[in-house]
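Each chain, written out:
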Amino acid sequence: MIEQYNLLEVEKLSLGFGGGNGLLRSQPAMILRDVSFTIGQGEIIGLVGESGSGKSTIGKAVLKLLKAQEGRIRFDGVDISDLSEHDMRPLRREMQIVFQDPYSSLDPRQTVRGILSDALDIHRLHTGTAREPRLVELLDMVGLRREFLDRYPHEFSGGQRQRIGIARAMSVEPRLIVADEPVSALDVSIQAQVINLIARLRDQTGVSVLFISHDLSVVRFISDRIIVLYLGKIMEVGPADLVHHAPLHPYSKALVSAEPRLDQKSSRIRLTGDIPSPLKPPSGCVFRTRCPFALPACAEGVPELREVAPGRSKACIRDDIDMETAA
Amino acid sequence: MTITSASANPSSAFRFPLPRIHPRLRLPLAIVAIVLVAPFAVPPLLGIDPNAMSVLERFAGPSLAHPLGLDEFGRDRLARVLIGAQASLRVAVISALISCTIGSLIGLFGAYFRGLAGFLSTKTADVVLCFPPILLALLVVTLMGPGTTTLIWVLSIIYFPAFARIVYLEASRVSQLDYVVAAKALGARPRRVMFRTMLPNISGPIIVQLSLTAAAAIVTESGLSYLGLGVVPPDPSWGQMIRGARAYMERDPLGIIIPCVAISLTIYSVNLLTDRLRDVLDPKGLSGGIPILSPRRPKVQAAPQSATLEADTVLRIDHLDVATNTNGTPIKLIEDVNLRVRRGRCTALVGESGSGKSLTASSVMGLLPRGVNVTAGDIMLRSHNGETIQVTTLSGEDLEAIRGRDAAMIFQEPMTALNPVYRVGDQLIEAAKIHRSVSSAQAREEGIEFLKRVGVNDPVRRFDSFPHMLSGGLRQRVMIAMALSMQPGLLLADEPTTALDVTVQAEIIDLLIALKNSAGAPGILFISHDLGVVAQLADEIAVMYAGRVVEQGPAATVLGNARHPYTRALLQSMPAAHEELHASRSDTLPSIGGTPPLPHERPAGCAFRDRCPHAVSVCAEVRPDLTSVDGPDHLAACHLTRGSAV
Amino acid sequence: MLHSAISRLASALSMLFVVATLVFAIQVVIPGDPAELLLSSAGSTPTPENIAALRVEMGLDRPLLQQYVEFLWGAVRLDFGNSLIDNSSIGQTIATRLPRTLELIAVAMSIAVAVAVPFGTHAALRAGGRLDTAGSGVSALFAAVPVFVIGTLLILLFAQTLKLTPAGGYADFGSAPIQHLSNLVLPAITVAMSIFPIIFRMTRSSVLDSLSNEWVRTALAKGLPRRAVVRRHVLRNALGPVVTVIGLQLGILLGSTVLVEFVFNWPGLSGYLVTAVEQRDYPTVRAIILVVAAIFIFINLLIELLQMKLDPRVQL
């Protein structure tokens with residue numbers, strides 16, 4: 001059951017890059033447009049989208065590692081949108097990040113002990129004699145042996161490095177973790193281990209997770225709710241199983257049916273063409289250039305994200321598409 | 001930690017990283033140390049005044065009292081050359097350190113804070129770099145007058161921009177890396193991020209630049225002194241000694257040669273250290289990273305019995321072994337692989353990273369990385385005129401003839417597989433123009449036709465585009481068009497959809513399925529880690545683990561009735577296979593514990609046994625062979641499949 | 001394309017402006033009165049009258065802004081005023097001496113490129129081979145010997161001992177072409193030797209880098225003959241960094257030929273500069289440095305435009 005208390009509330013977040021400097025000012029590329037969502041206490045939200053959808057940007061913007069141009073971010077009821085870097089510092093302990101690439105996410109010049117101690121030092125946690133037991137506890141939490149403390153990152157496999165990255169994030173006892181494609185760089189046989197670990201940590205510590213991935217089947221398993229993102233806009237939000245089994249938005253349906261599965265050949269929506277550049281997004285609905293159901297009206301207004309069933313929303317003007325027979 | 005456990009665990013020896021000196025650095029470091037210390041240590045031992053003149057003995061040759069003889073004023077040359085070194089080294093080392101400190105700070109701050117700080121730090125460097133170094137030095141000398149202090153300032157100004165630029169670039173690169181972002185996300189203050197996280201990770205290039213600068217400073221100092229604008233007489237310096245000796249060059253060549261040799265040896269030793277440092281810090285430049293091209297492969301003696309391929313087969317691999325021999329001991333990367341690809345059918349090779357699946361494809365093309373070789377087995381390929389070719393016996397030139405025409409290949413990264421400086425169309429028809437000598441106009445027409453066939457919209461415009469103008473999906477279509485352009489009998493596809501988005505991946509898979517069903521379709525060897533993708537394309541599947549095929553057979557059988565525990569585990573660990581499970585109900589996904597063994601750590605017996613839930617004692621002793629299970633086409637390499645099912 | 005070319009031109013011009021300002025500003029920033037410094041370099045203590053007179057002559061008595069504007073306006077018209085020493089026109093002297101320096105640089109660079117680029121390419125294609133070892137050895141040797149030492153040793157060998165060439169000097173090409181060329185040989189070779197290691201190493205590492213690009217594998221996989229792969233997919237892509245380093249060296253040479261011209265008595269710009277520095281003829285030094293920096297910026301601009309031609313991805 002989803003908790004009622006909203007730990008994170010994101011409201012109409014917009015973010016763009018570039019725009020050039022000096023003489024040659026150009027149109028900024030809008031990566032996110034009017035993105036609103038919430039994450040409940042202890043909830044895992046899956047954020048799915050393809051390259052260019054802005055899913056990683058959302059993760060960094062929520063942590064204020066990127067500055068959003070517009071919109072509000074409230075963490076635990078406190079508006080953090082306009083906090084300076086200095087004022088954010090104590091809050092950083094509450095919200096952490098896990099990265100995709102297990103090779104660049106750990107400082108190659110530090111041992112595991114150094115990496116984890118750094119995190120604790122910054123917030124002056126578990127100092128003195130309390131340090132060693134805490135380090136061991138952290139490794140234990142992610143399923144690594146205590147002998148690993150004095151090894152360097154290059155001595156570990158990708159899956160083990162990812163566990164160290166998770167231990168670093170958990171070391172400061174955060175209440176929110178942004179997991180940015182945490183398993184996509186791992187081999188299939190290792191992926192499941194890390195997914196299980198994240199789910200277990202949520203159960204044990206009650207941490208909320210923003211789980212970013214391009215892989216719908218992974219997100220379906222781990223998330224309570226799923227947000228489907230396309231070209232910086234939310235297309236659909238809903239409970240994980242429902243979005244996966246009975247998507248409401250044509251793009252969600254296309255994503256589901258593009259998923260490589262052992263038992264394919266059910267109804268399929270095949271998209272054609274490429275994701276448009278964020279520099280020149282289509283007018284109206286951003287998905288209309290690839291949408292098999294697009295109408296002339298889709299080019300006109302930007303469709304609102306509206307609730308169509310309890311807990312389910314979509315940003316599509318059409319309610320008359322029967323997804324099952326459509327393909 | 002006790003001593004015994006420390007010695008039992010070799011990696012704990014690295015616990016406190018004392019500056020262990022790399023073997024390749026020892027000699028140059030020792031030489032540089034001597035060069036640095038000798039000028040200060042030796043003169044007191046000699047006890048000779050470098051400025052004491054003995055006019056009667058001017059130009060005296062080497063003797064016991066004066067090993068290098070006396071100069072034009074009868075001064076001891078050895079003493080002078082050593083004292084001269086003091087001035088040169090002092091100026092060089094001090095100015096290198098000053099410029100390093102200033103430049104590094106500017107670069108680091110610029111890269112961390114970006115914005116105005118970044119702009120100013122790069123532009124300051126750019127402005128100073130507009131002046132050729134010696135000219136800048138001369139400008140300052142004009143205004144401040146010659147002398148040692150001036151020199152140190154001059155050299156610091158000349159050399160700090162290079163540091164600022166290098167540190168700025170390196171720090172900018174590092175600041176994008178996740179571990180730096182992680183430090184910021186943890187709430188580390190800028191000072192901590194810059195000096196504790198970023199600086200240690202860019203220390204390599206800074207040290208290289210420092211030693212480069214020290215050498216350059218010696219050169220510039222001596223040059224200015226040579227012009228009479230550096231160290232002022234009577235203090236001896238090398239440049240000045242050469243200047244002084246010039247007038248007596250004919251009479252006394254030794255006088256000029258001694259300081260010349262001293263300067264050159266000093267710089268040579270510092271340069272040697274720099275070069276070695278670079279090699280050690282960036283091993284890529286030394287040996288690795290030079291794949292494929294070079295040296296020409298000699299012709300191998302043809303195998304005695306030249307087997308022929310079955311009529312419907314375009315590729316057969318028999319008992320293939322591939323090994324690398326980098327450190328003297330050969331390490332097998334692939335062992336005893338048998339595969340067959342039929343015309344118009346798709347054989348999939350499935351495995352995780354390091355399983356050897358890509359190497360198998362590369363050996364078919366004769367494109368193995370340098371140092372990796374086929375050590376046993378046969379690769380038989382159908383040529384375009386129907387003959388059977390033994391690929392392993394071909395020379396370099398014969399391989400060129402079959403590549404593209406009999407076997408074509410597409411790769412994982414469409415972003416880097418095309419050369420950015422040529423239009424895609426030109427790359428598409430490049431090989432056809434050389435192999436078939438068709439006219440440019442005709443090749444262009446054919447190329448556009450192929451683009452159309454692989455579903456490229458607006459093929460005429462795309463033909464004239466540069467690769468960076470196309471999306472990943474389009475580039476992969478171009479790669480496929482390129483591969484098909486010479487109508488090969490075999491298409492090797494090495495993870496062709498892995499780098500693509502799922503919706504684009506689905507399009508490419510559809511394209512490959514359509515290709516397979518078209519008339520005159522090539523046989524496809526499809527390499528992938530993704531069983532879901534493979535399920536849609538493959539007619540036959542071979543699963544590789546740790547360099548060996550552990551299970552193979554018809555696709556439906558392998559996927560539907562997998563017999564090897566590894567294949568089963570792979571299928572089970574796909575989240576898509578468990579739609580009934582959900583994390584919120586405290587379900588866990590079935591997973592395989594542990595990681596695949598590295599090639600040099602593969603255990604005896606079955607390589608999967610350490611991760612296998614069913615392993616029994618025989619698995620550790622005897623390596624299971626591929627034997628048929630269920631039917632003659634379905635093979636598995638597991639002791640447990642014999643007799644009873646797992 | 002045109003747009004970015006224009007923007008680069010604009011940025012080069014603004015850079016030139018900054019450099020001119022800086023050259024002017026140094027005299028203001030440096031402690032002490034330039035006129036007093038100039039006069040006291042002779043050793044005697046100058047009288048206040050003498051200093052005042054020189055200040056008027058140098059224009060130092062005028063407001064700073066006026067001096068600055070006059071300096072800039074003069075620079076634009078290539079009028080740098082007169083030498084403090086012999087009152088000759090600085091612009092005119094630069095005009096006669098600069099071409100000699102440029103000739104030396106052009107000949108030396110041609111020799112260096114003609115040798116180092118093919119050498120470096122072959123060394124990279126057979127990395128670790130005998131040619132590679134030889135090339136690395138030679139370039140390590142040349143890199144260790146300062147340019148004036150190379151020059152001095154060449155004089156010692158070819159002029160003093162073997163008596164094949166003159167030890168130095170200059171003859172006008174118009175009146176004595178043979179003499180001119182024989183005077184040019186040693187300095188040109190000296191400069192060429194000093195830049196050989198840089199070009200050799202850059203070529204070698206650039207070709208090596210280029211070899212490990214994935215499109216080289218693509219080219220091989222489609223059956224291109226080895227020679228075509230090397231020419232079209234390795235060398236073509238390796239060109240960029242080599243061109244850049246050649247351009248950079250051309251700029252640096254404008255400064256470092258000072259030493260070579262001094263060694264060989266080649267009456268180029270540098271000899272003029274050294275004399276001016278020794279005599280503290282600040283206006284002359286300033287003018288020469290400004291001209292050289294302008295050439296340097298111009299070369300960089302050309303290189304950038306060339307890079308845009310070489311790589312279609314490079315824009316802005």
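As the structure is a computational prediction, the values presented were derived from the model and not from experiment. (Residues numbered from 1 in each chain as written. Chains lettered and ligands numbered in written order. Predicted model: local features only at pLDDT ≥ 70, side-chain atom pairs only at ≥ 80, totals over all residues. Heavy atoms only, no water.)

1. Some remarks on the UniProt feature "transmembrane region" (unreviewed entry) in chain C
All names here are of chain C.
Argument step 1. In the numbering used here, UniProt assigns the "transmembrane region" (unreviewed entry) feature to residues 104–125, 137–160, 180–200, 238–264 and 284–303.
Argument step 2. Overall, residues 104–125 shows 100% helix and 0% strand. The separation of its end C-alpha atoms is 32 Å.
Argument step 3. Annotated as residues 284–303, this span is 100% helix and 0% strand, and its ends, taken at the C-alpha atoms, are 29 Å apart. (UniProt positions renumbered as here; feature names shortened; annotations may be inferred. Helix = DSSP H or I, 4+ residues; strand = E, 2+ residues; numbered from the N terminus.)

2. A short note on the UniProt feature "transmembrane region" (unreviewed entry) in chain B
Argument step 1. The positions UniProt marks with the feature "transmembrane region" (unreviewed entry) are residues 25–46, 91–113, 125–144, 150–168 and 199–219 of chain B.
Argument step 2. With 85% helix and 0% strand, residues 125–144 of chain B has its two end C-alpha atoms placed 22 Å apart.

3. A look at helix H8 (residues 190–201) of chain B
Residue and element names in this part refer to chain B.
Argument step 1. Compared with an ideal rise of 1.5 Å per residue, which puts twelve residues at 16 Å, H8 spans 16 Å between its outermost C-alpha atoms and is within 8% of the ideal.
Argument step 2. For H8, the set of buried residues is Val193, Met194, Thr197, Met198 and Asn201. The arc enclosing the buried residues of H8, seen along the axis, measures out at 130°, which places them on a common side.
Argument step 3. Summarising the contacts, the buried residues of H8 are in contact with helix H3 (77–113), helix H6 (148–175), helix H7 (178–185) and helix H9 (203–226). (Expected span 1.5 Å × (residues − 1). Buried < 20%, exposed > 50% of the residue type's maximum accessible area, 1.4 Å probe, protein only. Arc of directions from axis to C-beta. Contact = heavy atoms within 4.5 Å.)

4. Structural notes on the sheet that holds strand E1 (residues 313–324) of chain B
Residue and element names in this part refer to chain B.
Argument step 1. Strand order across the open sheet formed by four strands is E2-E1-E4-E5, with antiparallel pairing between neighbours. The open sheet has two edge strands with one neighbour each: strand E2 (331–342) and strand E5 (388–390). Across the sheet, the mean angle from the axis of one strand to that of its neighbour is 5°, orientation sign disregarded.
Argument step 2. Pairing of strand E4 (residues 372–382) with E5, which is carried by three bridges, proceeds in the antiparallel orientation. The residue of E5 that forms the bridge with Arg382 is Thr388. (Pairing = 2+ DSSP bridges. Axes fitted to C-alpha atoms, helices over the stretch in contact; angles between N-to-C directions.)

5. Quick word on the side chain of Asn196(A)
Argument step 1. If you trace the backbone, Asn196(A) turns up in helix H6 (residues 188–205).
Argument step 2. With residues up to four places along the chain from it excluded, the contact list for Asn196(A) reads Phe221(A), Thr588(B), Leu589(B) and Ser591(B).

6. Things to note about the pattern of salt bridges
Argument step 1. With the rule as written, the count across this model stands at 57 salt bridges over all chains.
Argument step 2. Taking the shortest distance from any N to any O, the salt bridge between Arg623(B) and Glu335(B) comes out at 3.1 Å. Of this pair, Arg623(B) sits in the loop between helix H22 (617–621) and strand E11 (627–628) while Glu335(B) sits in strand E2, and the two are 288 residues apart along the sequence.
Argument step 3. Between Arg461(B) and Asp458(B) there is a salt bridge whose closest N-O contact spans 2.7 Å.
Argument step 4. Here Arg461(B) falls in the partly exposed class, since its relative accessible area comes to 48%.
Argument step 5. For Asp458(B), a relative accessible area of 39% gives the class partly exposed.
Argument step 6. In this structure, a network of salt bridges that share partners links the residues Asp118(A), Asp121(A), Arg131(A), Arg192(B) and Arg196(B). (Salt bridge = Lys/Arg side-chain N within 4 Å of Asp/Glu carboxyl O.)

7. Here's the deal with the packing of helix H4 (residues 115–129) of chain B against H6(B)
All names here are of chain B.
Argument step 1. Relative to each other, H4 and H6 sit at 140°, their axes nearing to 9 Å. The orientation of H4 with respect to H6, classified from their angle, is oblique. Classified by chirality, the crossing of H6 by H4 is left-handed. Of the residues in H6, those in contact with Gly118, Ser121, Thr122, Thr124, Ala125, Asp126, Val128 and Leu129 of H4 are Ile157, Phe160, Pro161, Ala164, Arg165 and Tyr168.
Argument step 2. Looking at the contact of H4 with H6 residue by residue, the classes come out as eight nonpolar, four polar and two charged. (Parallel < 35°, antiparallel > 145°, perpendicular 65-115°, else oblique. Left-handed = near helix turned anticlockwise from the far one by under 90°. Nonpolar A, V, L, I, M, F, W, Y, C, P; charged D, E, K, R; others polar.)

8. Some thoughts on the packing of aromatic side chains
Argument step 1. Counted under the stated rule, the structure contains 18 aromatic pairs over all chains.
Argument step 2. Between Tyr251(A) and Phe287(A) the ring centres are 5.1 Å apart and the planes differ by 65°, which places this aromatic pair in the edge-to-face class. Residue Tyr251(A) is located in helix H9 (residues 250–258), and its partner Phe287(A) is located in the loop between H9 and strand E11 (306–309); the two are separated by 36 residues in the primary sequence.
Argument step 3. In this structure Phe287(A) comes out as buried when scored by relative accessible area, which is 0%.
Argument step 4. Measuring from ring centre to ring centre gives 5.9 Å for Phe142(C) and Phe196(C), while their planes differ by 70°; the resulting arrangement is edge-to-face. Pair noted here: Phe142(C) is in helix H6 (residues 130–144) and Phe196(C) is in helix H8 (residues 177–211), with a separation of 54 residues, a long-range link.
Argument step 5. Phe196(C) sits in the buried class, given a relative accessible area of 5%.
Argument step 6. Feature note: the residues Phe119(C), Phe142(C), Phe196(C) and Phe200(C) constitute an aromatic cluster, connected by ring pairs. (Phe/Tyr/Trp six-rings, centres within 6.5 Å; stacked < 30°, edge-to-face > 60°.)

9. Looking at the pairing of strand E3 (residues 346–350) of chain B
Residues and elements named next belong to chain B.
Argument step 1. A large share of E3 lies buried, amounting to five of its five residues.
Argument step 2. Residue alternation in E3 divides its side chains into two sets, Cys346, Ala348 and Val350 and Thr347 and Leu349, and both sets are buried.
Argument step 3. Of the strand pairs in this sheet, E3 and strand E8 (residues 523–528) are connected by five bridges, and their pairing is parallel. From the neighbouring strand, Cys346 faces E8, where its bridge partner is Ile524.
Argument step 4. Both E3 and strand E9 (residues 540–545) contribute to a ladder of four bridges, which runs parallel. Following the sheet pairing, Thr347 is matched in E9 by Glu540.

10. Re H6(C)
Every α-helical turn comprises 3.6 residues, leaving residues that sit three or four positions apart pointing alike.
Argument step 1. In this model H6(C) runs 21 Å from its N-terminal to its C-terminal C-alpha over 15 residues, within 8% of the 21 Å that 1.5 Å per residue would give.
Argument step 2. Inspection of H6(C) places Asp132(C), Gly135(C), Ser139(C), Ala140(C), Phe142(C) and Ala144(C) among the buried residues, and these make up the whole buried set.
Argument step 3. Contacts from the buried residues of H6(C) go to helix H11 (253–281) of chain B together with helix H5 (90–125), helix H7 (147–161) and H8 of chain C.

11. Quick word on the packing of helix H3 (residues 112–122) of chain A against helix H4 (residues 131–141) of chain A
The relative placement of two packed helices comes down to the angle between their axes together with the axis-to-axis distance.
Residue and element names in this part refer to chain A.
Argument step 1. At a minimum axis separation of 11 Å, H3 and H4 run at an interaxial angle of 110°. Comparing the axis directions of H3 and H4 gives the class roughly perpendicular. Helix-helix and strand crossings are classified by hand; for H3 and H4 the assignment is right-handed. Contact with H3, carried on its side by Val112, Arg113, Leu116, Ser117, Leu120 and Asp121, involves Arg131, Glu132, Arg134, Leu135, Leu138 and Leu139 of H4 and no other residues of that element.
Argument step 2. Of the residues contributing to the contact of H3 with H4, the split by class is six nonpolar, one polar and five charged.

12. A few points about empty space enclosed by the protein
Argument step 1. Within this structure, the stated rule accounts for eleven cavities of 30 Å³ or more.
Argument step 2. Roughly 130 Å³ of internal volume is contained in the largest cavity.
Argument step 3. Around the largest cavity sit 14 residues that line it, and Gln110(A), Asp118(A), Tyr179(B), Ala183(B) and Thr197(B) are the ones nearest its centre.
Argument step 4. If you list the elements that add at least two residues to the lining of the largest cavity, you get H3 of chain A together with H7 and H8 of chain B.
Argument step 5. In terms of residue count, H3(A) provides more of the lining of the largest cavity than any other element does, four residues in total. (1 Å grid on protein atoms, 1.4 Å probe; cavity = no way out; pocket = protein on both sides within 12 Å on 5 of 7 lines; lining within 4 Å. Points joined across faces, edges and corners; volume = space filled by probe spheres on them.)

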